[in-house]
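Next come the chains, spelled out residue by residue.
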Amino acid sequence: MNAPFISLRDLSVFPSLQQIWDVLPEARVVGGAVRDLLSNRPVSDFDLGTPEPPQTVMERLEAAGIRVIPTGLAHGTLTALVNGRGFEITTLRRDEETDGRHAQVAWTQSWREDAARRDFTINAMSCDSSGNVHDYFGGYADLNAGRVRFVGDAETRIREDALRIFRFFRFQARFGSVAPDTETLRAISRCVDMIARLSVERIWSELRRILVGPRVVEMFRLMQNTGVLTACLPELSGHEDGALRRLEAVIAIEAPARLDIRMAALLAGAGISLPVIEACLKRLRTSRQEAVAIIALLRDGPVPDPLTVATPKDGARLLAGTERDILLGRIWLAEAQQKDDGAGDYDPEKWRRLRQMLSDLPVPVFPLAGRDLLAAGLPPGPRIGEILTVVRSWWEEGGCTADKEKCLIHAKDIS
Ligand code: ATP
Ligand code: MG
């Protein structure tokens, strides 16, 4: 296979990269960006490696007027801000000692040593300022063959850092077009006990990306078969099949790849109770926002039956009471459940129409506020709030069509 080359000059970031190369001519683009450029995928971040020690990197950049943020100077990483974009620049490293979670690193001048500590061959390539790709471990061939392969012996690399188990599934989903190597899967099975020693934050940050990524059911099945699923989500124990079936259903009906929907599908399919779900999300240290979104989909709320939501008035009523994304999320989950249950009257078209209607309708805004009641002469006090609540229910039941004047008349009637 020809030595790979990347036409960097054609990239819109090239002038920014060139500014860095003007000061650090030996630096190279490393890791994910090289992989993504070689496989014609959009690049999210351009990370660079360089043989100079961090202090020198910092001094040279600053001397050239480039702003530097000391992102992780102890690990040799800083961020250079060029034309409003951040570039992570890391001094080449070699692992000295690893304990399954953290590595003691030392600076090195060797590109090969730096590549050797990376996880997969496809992530271990680097590209110099001329566009020449340096590929020490056959990453290019693996990328073209759709093989996600550890640099070196899989089990050894997993024992150095068990997070690589999750990274394996995440990259297999995106880049693996051939079935994963059986020896790699066996190595993963042998190392599942190490997952307990990882911080939950690191696990969740990988897990959430697998969940919203491609081929999630396939990856979760592999995780189930290797014992990884039980190790990271023990709450699903004994109910994994139900959980995965529901996830499969929610994907089959083409629900959007939302983390909240997919996680809720797993948890709902496992049939676990809300308190256990809440404890599970807490244990995983999901963000508060993530937990709130997932719980909102699972907590009892209006899961409309498409048969009962026939008119725009019905739709408006629902939208007045529940945020649109939550409502739509619940509908996806309810449809997945019906499909999963094999219900005889399951009709995807009805669900589709319901979602369409709820997506098209404007969110109704309750037209009455406390000050309107005061302006109409009602006495201030707690009664104002009570009246508003009653009028709002009446307004919702009526399909949210009553305007301010009608609401005011109703308010006066009941006051
Ligand atoms: P993405 O586009 O998903 O961010 P990426 O390749 O940039 O993909 P990152 O997690 O951002 O992935 O990591 C950047 C690079 O650092 C990887 O390409 C890999 O070379 C290396 N790397 C990251 N985490 C590990 C790890 N746990 N073990 C070994 N190498 C790692
Ligand atoms: Mg990255």
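None of these values were measured; they are calculated from a predicted model.

Caption draft 1: Representation of the overall build of the chain. Within the chain, the secondary structure is distributed over 21 helices and nine strands. Compactness check: the chain gives a C-alpha radius of gyration of 28 Å against a globular reference of 22 Å for 415 residues, more than 25% above the reference. Looking at the 415 residues of the chain, the share that counts as buried comes to 49%. A separation of at least 24 residues holds for 64% of the contacts in the chain among residues at least 6 apart in sequence.

Caption draft 2: Fine view of the side chain of threonine 226. Relative to the helices and strands, threonine 226 is located in the loop between helix 10 (216-225) and helix 11 (228-232). On the basis of relative accessibility, which here comes to 8%, the residue threonine 226 falls in the buried class. Leave out the neighbours within four places in its chain, and threonine 226 touches Phe169, Leu185, Ile188, Ser189 and Val192.

Caption draft 3: Just helix 12 (residues 240-252), in detail. The end-to-end C-alpha distance of helix 12 is 18 Å, a good match for the 18 Å that 13 residues give at a rise of 1.5 Å each. Of all the residues in helix 12, the buried ones are Glu240, Gly242, Ala243, Leu244, Arg246, Leu247, Ala249 and Val250. Turning to helix 12, the residues buried within the fold contact helix 10, helix 11, helix 13 (259-269) and helix 17 (324-341). Phi turns positive, to about 65 degrees, at glutamate 254, one or two residues after helix 12.

Caption draft 4: The environment of glycine 84, seen in detail. Along the chain, glycine 84 falls in the loop between strand 4 (77-82) and strand 5 (85-91). Sequence spacing of glycine 84 and arginine 67 is 17 residues, and the spatial spacing of their C-alpha atoms is 9.8 Å.

Caption draft 5: Region of the structure containing the pattern of salt bridges. If you walk through the whole model with that rule in mind, you get 35 salt bridges. Among the salt bridges present, the one from glutamate 155 reaches arginine 159, with a minimum N-O distance of 3.1 Å. Here the residue glutamate 155 and the residue arginine 159 both occupy positions in helix 6 (residues 154-160), the gap between them amounting to four residues, near one helical turn. Given the relative accessible area of 37%, arginine 159 is considered partly exposed.

Caption draft 6: Molecular detail of the domain arrangement of the chain. Taken domain by domain, the chain consists of domain 1 (1-145), domain 2 (147-232), domain 3 (246-364) and domain 4 (370-414). Here the C-alpha centroids of domain 1 and domain 3 sit 42 Å apart.

Caption draft 7: Highlighting the sheet that holds strand 9 (residues 133-134). The strand order 3-4-5-2-1-8-9 describes an open sheet built from seven strands, whose pairing is mixed. Looking along the sheet, the strands with just one partner apiece sit at the ends: strand 3 (67-72) and strand 9. Sheet strands touched by helix 1 (residues 14-23): strand 1 (28-30), strand 2 (47-50), strand 4, strand 5 and strand 8 (126-127). Its angle to strand 5, the strand with the most contacts, is close to 35 degrees. Along the sheet, helix 3 (residues 54-63) makes contact with strand 2, strand 3, strand 4 and strand 5, crossing strand 4 at roughly 15 degrees.

Caption draft 8: Representation of helix 8 (residues 182-190) within the structure. Those residues of helix 8 lying buried are Thr184, Leu185, Ala187 and Ile188. Burial along helix 8 is one-sided: seen end-on, the buried residues are contained in an arc of 155 degrees. For helix 8, the elements touching its buried residues are helix 6, helix 7 (163-175), helix 10 and helix 11.

Caption draft 9: Structural context of the packing of aromatic side chains. Taken as a whole and judged by the stated rule, the model has seven aromatic pairs. A centroid spacing of 4.8 Å and a plane angle of 55 degrees characterise the contact between phenylalanine 120 and phenylalanine 150, whose relative ring orientation is tilted. You can see phenylalanine 120 sitting in the loop between helix 4 (111-116) and strand 8 and its partner phenylalanine 150 sitting in the loop between helix 5 (139-145) and helix 6, a full 30 residues away along the chain. Judged by its relative accessible area of 2%, phenylalanine 150 falls in the buried class. Between phenylalanine 171 and phenylalanine 175 the ring centres are 6.3 Å apart and the planes differ by 25 degrees, which places this aromatic pair in the stacked class. With phenylalanine 171 and phenylalanine 175 both in helix 7, this residue pair falls four residues apart, about one helical turn. Of the two residues, phenylalanine 171 and phenylalanine 175, both sit in the buried class. A cation over an aromatic ring shows up here: arginine 28 above the ring of tryptophan 111, its NZ or CZ 4.1 Å from the ring centre. Above the face of the tryptophan 332 ring, arginine 355 is positioned so that its terminal group lies 3.5 Å from the ring centre.

Caption draft 10: Here's a closer look at the site of ligand 1. Taken together, 15 residues are adjacent to ligand 1, and Arg35, Arg164, Arg167, Arg170 and Arg174 come closest. Within the side chain of arginine 170, an N or O atom sits 2.9 Å from an oxygen atom of ligand 1. Surface burial for ligand 1 is 77%, taken as the share of its 590 Å² of free accessible area covered by protein chains. Top contributing element to the shell around ligand 1 by residue count: helix 7, with five residues.

About the thresholds
Residues numbered from 1 in each chain as written. Chains lettered and ligands numbered in written order. Predicted model: local features only at pLDDT ≥ 70, side-chain atom pairs only at ≥ 80, totals over all residues. Heavy atoms only, no water. Helix = DSSP H or I, 4+ residues; strand = E, 2+ residues; numbered from the N terminus. Rg over C-alpha atoms; globule rule 2.2 N^0.38 Å. Buried < 20%, exposed > 50% of the residue type's maximum accessible area, 1.4 Å probe, protein only. Contact = heavy atoms within 4.5 Å. Expected span 1.5 Å × (residues − 1). Salt bridge = Lys/Arg side-chain N within 4 Å of Asp/Glu carboxyl O. Domains from an automatic or database assignment. Pairing = 2+ DSSP bridges. Axes fitted to C-alpha atoms, helices over the stretch in contact; angles between N-to-C directions. Arc of directions from axis to C-beta. Phe/Tyr/Trp six-rings, centres within 6.5 Å; stacked < 30°, edge-to-face > 60°. Lys NZ or Arg CZ within 6 Å of the ring centre and 35° of its normal. Near = heavy atom within 4 Å. Polar contact = N/O pair within 3.5 Å; in protein donor to acceptor, adjacent residues only side chain to side chain. Areas by Shrake-Rupley, 256 points an atom, 1.4 Å probe, with all protein chains shown as cover.

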